[in-house]
Amino acid sequence: MKTIKLKNSLAREIKIYGKYDSSVPKGAFSVKSGAPDLSGVLYPLPSRKKDYTCFAKYGNVLWMGAPNGLTRYDENAEYEIDKVQYFSASRDLPDNDVKAIYAEEGEKESVWVKTATGITNIILTEMSCEEKALRLTEETEKYVSRRGMCTQRNLTVPRELSSVVPYGHSDNSGTFTCGFAIGELCKYAVYKKKYGASDERTVAAKKSAIRASEACQLLMYIPGRGDGFVARTYVVPTEPVPDDGLFYKKIGDKAVVLPTTDAKKKGLAGKEIYAGAPIPERLSHLYTDLGYSHDGIVYKGDTSSDEITLHYLFMYFFHEIMGEEDPELDEIVKTAAKNTMKHI
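Residues numbered from 1 in each chain as written. Predicted model: local features only at pLDDT ≥ 70, side-chain atom pairs only at ≥ 80, totals over all residues. Heavy atoms only, no water.

Draft legend 1. Region of the structure containing the pattern of salt bridges. For the structure shown, the criterion picks out 22 salt bridges. Note that Asp97 is salt-bridged to Lys99, the shortest N-O span being 3.0 Å. Residue classification places Asp97 among the partly exposed residues on the basis of a relative accessible area of 25%. Taking the shortest distance from any N to any O, the salt bridge between Glu331 and Lys334 comes out at 3.7 Å. One end of the pair is Glu331 and the other is Lys334, both in helix H8 (residues 327–343) and three residues apart, which spans about a single turn. The exposure class assigned to Glu331 is partly exposed, which follows from its relative accessible area of 43%. Taken together, the shared-partner salt bridges connect Glu214, Arg282, Asp326 and Glu328 into one network. (Salt bridge = Lys/Arg side-chain N within 4 Å of Asp/Glu carboxyl O. Buried < 20%, exposed > 50% of the residue type's maximum accessible area, 1.4 Å probe, protein only. Helix = DSSP H or I, 4+ residues; strand = E, 2+ residues; numbered from the N terminus.)

Now the structure itself:
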């Protein structure tokens, strides 16, 4: 089989400054604005051509500002996705009303973008796929992971990762977590072959893969119905319960449907169902280690087919890559696969 080597790609580094910050280069304040000549640009742009009021060039790359954001145009970009790029608030800019652009000279592509309320420095650098993957893994485990699950987490301050709220849930907790677990399993397999089982990179990859794998499987067992029913996500007692579907609160060997809008509409609020099937300690430790018990756990029950598809894809990868090394978890995986298939 021919090896496919992925090439480096552009990655953005964003830093936002106050409107009159003294650390901003003087050129960003004195640069003259003017509309770019776009007569030769054939690609569709995020803004109307007549709306661009300022521009700057870095080599053959054209940066353009409009009242609704910033556009980077590189006609000679190797990848189609890099030919036209759009930058906007609140991820990239203080606001979308771009007033002026100043391009710095240097090896790295760096522009200072002046908007109505502040200034942004955007630096584009080439990054390998491995570098990008490692950085995203680090950010996922530090800011996104919720007891091993990859879920949606909100920031209280835009762009400030440390401001992430301590809770969060997603309809796609299972899909996101399974996808992450598959990636970590594959990384572990590659690192083990490349660096050896005892290398610290391999050990770290294995630890991450196992935690994500346990989180995936917990969703398949946490309903406690014993019939292969899979939860979409779950929250612990200290986390708020969203009002966007059917949620079941576990109390003893029962689970009661909480009175969400959807539950009331369907006439299911207050309904009790069996929830006494045991959850393997290998999985429940993800919340019991934090001081929570089975009582009070709330899970979402309307799991979709795309979630189930990713669960089975994950279980295949786990069994193939780590099944022999971790027979305890492998048995849990195989039981879950059988039970859910019977349920289907």
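Let us keep going from here.
Draft legend 2. Fine view of the packing of helix H3 (residues 173–195) against helix H7 (residues 305–322). It is the contact of H3 with H7, at a shortest axis distance of 9 Å, that shows an interaxial angle of 20°. When the axis of H3 is compared with that of H7, the two are roughly parallel. The hand of the H3/H7 crossing is left-handed. Counted together, Ser173, Gly174, Thr175, Cys178, Gly179, Ala181, Ile182, Leu185, Cys186, Tyr188 and Ala189 of H3 and Asp306, Glu307, Leu310, His311, Leu313, Phe314, Phe317, Phe318, Ile321 and Met322 of H7 form the full contact between these two elements. Split by residue class, the contact of H3 with H7 holds 14 nonpolar, five polar and two charged. (Axes fitted to C-alpha atoms, helices over the stretch in contact; angles between N-to-C directions. Parallel < 35°, antiparallel > 145°, perpendicular 65-115°, else oblique. Left-handed = near helix turned anticlockwise from the far one by under 90°. Contact = heavy atoms within 4.5 Å. Nonpolar A, V, L, I, M, F, W, Y, C, P; charged D, E, K, R; others polar.)

Draft legend 3. Focus on the layout of surface pockets. Of the pockets and cavities examined, the largest pocket occupies roughly 1100 Å³. For the lining of the largest pocket, the elements supplying multiple residues, two or more each, are strand S1 (9–18), strand S5 (84–87), strand S8 (118–127) and helix H2 (129–144). Counted as a void, the second largest pocket has a volume near 750 Å³. Along the wall of the second largest pocket there are 21 residues; nearest its centre are Leu6, Cys129, Glu130, Val190 and Tyr191. Of all the secondary structure elements, the ones that give two or more residues to the lining of the second largest pocket are H2 and H3. With nine residues, the single largest contributor to the lining of the second largest pocket is H3. Split into classes, the residues belonging to the lining of the second largest pocket amount to ten nonpolar, six polar and five charged. (1 Å grid on protein atoms, 1.4 Å probe; cavity = no way out; pocket = protein on both sides within 12 Å on 5 of 7 lines; lining within 4 Å. Points joined across faces, edges and corners; volume = space filled by probe spheres on them.)

Draft legend 4. Representation of the nonpolar core. Within the largest apolar cluster, 47 residues are counted, with the highest numbers of intra-cluster contacts made by Leu218, Ile222, Tyr234, Tyr287, Tyr299 and Phe314. Every element with two or more residues in this core is listed here: strand S10 (149–150), H3, helix H4 (200–221), strand S13 (254–257), helix H6 (281–288), H7 and H8. Counting residues per element, this core draws most heavily on H4, at ten residues. Here Tyr234 is in contact with Arg146, Arg147, Met149, Leu218, Leu219, Ile222, Glu239, Tyr287, Ile297, Val298 and Tyr299, once residues within four sequence places are set aside. Counting 14 residues, the second-largest nonpolar core is a separate cluster that includes Ala56, Leu70, Phe87 and Val111. (Core = buried A, V, L, I, M, F, W, Y, C linked by side-chain atoms within 4.5 Å.)

Draft legend 5. Looking closely at the sheet that holds strand S7 (residues 109–115). Pairing within the open sheet is antiparallel, and its four strands lie in the order S1-S8-S7-S6. Only two strands of the sheet have a single neighbouring strand rather than two, namely S1 and strand S6 (98–104). Neighbouring strand axes in the sheet, compared pairwise and without regard to direction, differ in orientation by 20° on average. One ladder, built from ten bridges, connects S1 with S8; its direction is antiparallel. Bridging from a neighbouring strand, Tyr17 pairs with Ile119 of S8. (Pairing = 2+ DSSP bridges.)

Draft legend 6. The sheet that holds strand S14 (residues 272–274), seen in detail. If you trace the five strands from one edge of the open sheet to the other, you get S11-S15-S12-S13-S14, paired in antiparallel fashion. Two strands close off the open sheet at either side, each with one partner strand: strand S11 (233–235) and S14. Between one strand axis and the next, the sheet turns through 30° on average, direction left out of account.

Draft legend 7. Spatial organisation of the environment of Tyr299. Along the chain, the position of Tyr299 falls in strand S15 (residues 298–300). Residue Tyr299 is classed as buried on the basis of its relative accessible area of 0%. A distance of 3.1 Å separates polar atoms of two side chains, one belonging to Tyr299 and the other to Arg225. (Polar contact = N/O pair within 3.5 Å; in protein donor to acceptor, adjacent residues only side chain to side chain.)

Draft legend 8. Region of the structure containing the pairing of strand S3 (residues 61–66). Where burial is concerned, most of S3 is hidden: six out of the six residues are buried. Side-chain alternation along S3 places Val61, Trp63 and Gly65 on one buried face and Leu62, Met64 and Ala66 on a second face that is also buried. As paired elements, strand S2 (residues 54–58) and S3 share five bridges and run antiparallel to each other. Each bridged residue has a counterpart across the sheet, and for Cys54 the counterpart in S3 is Gly65. The antiparallel hairpin formed by S2 and S3 contains two residues in its connecting segment, where Gly59 sits at a positive phi of about 65°. Taken together, the five bridges between S3 and strand S4 (residues 69–73) define a ladder with antiparallel strand orientation. Across the sheet, the residue bridging to Leu62 is Tyr73, located in S4. Counting the residues that bridge the hairpin from S3 to S4 gives two residues.

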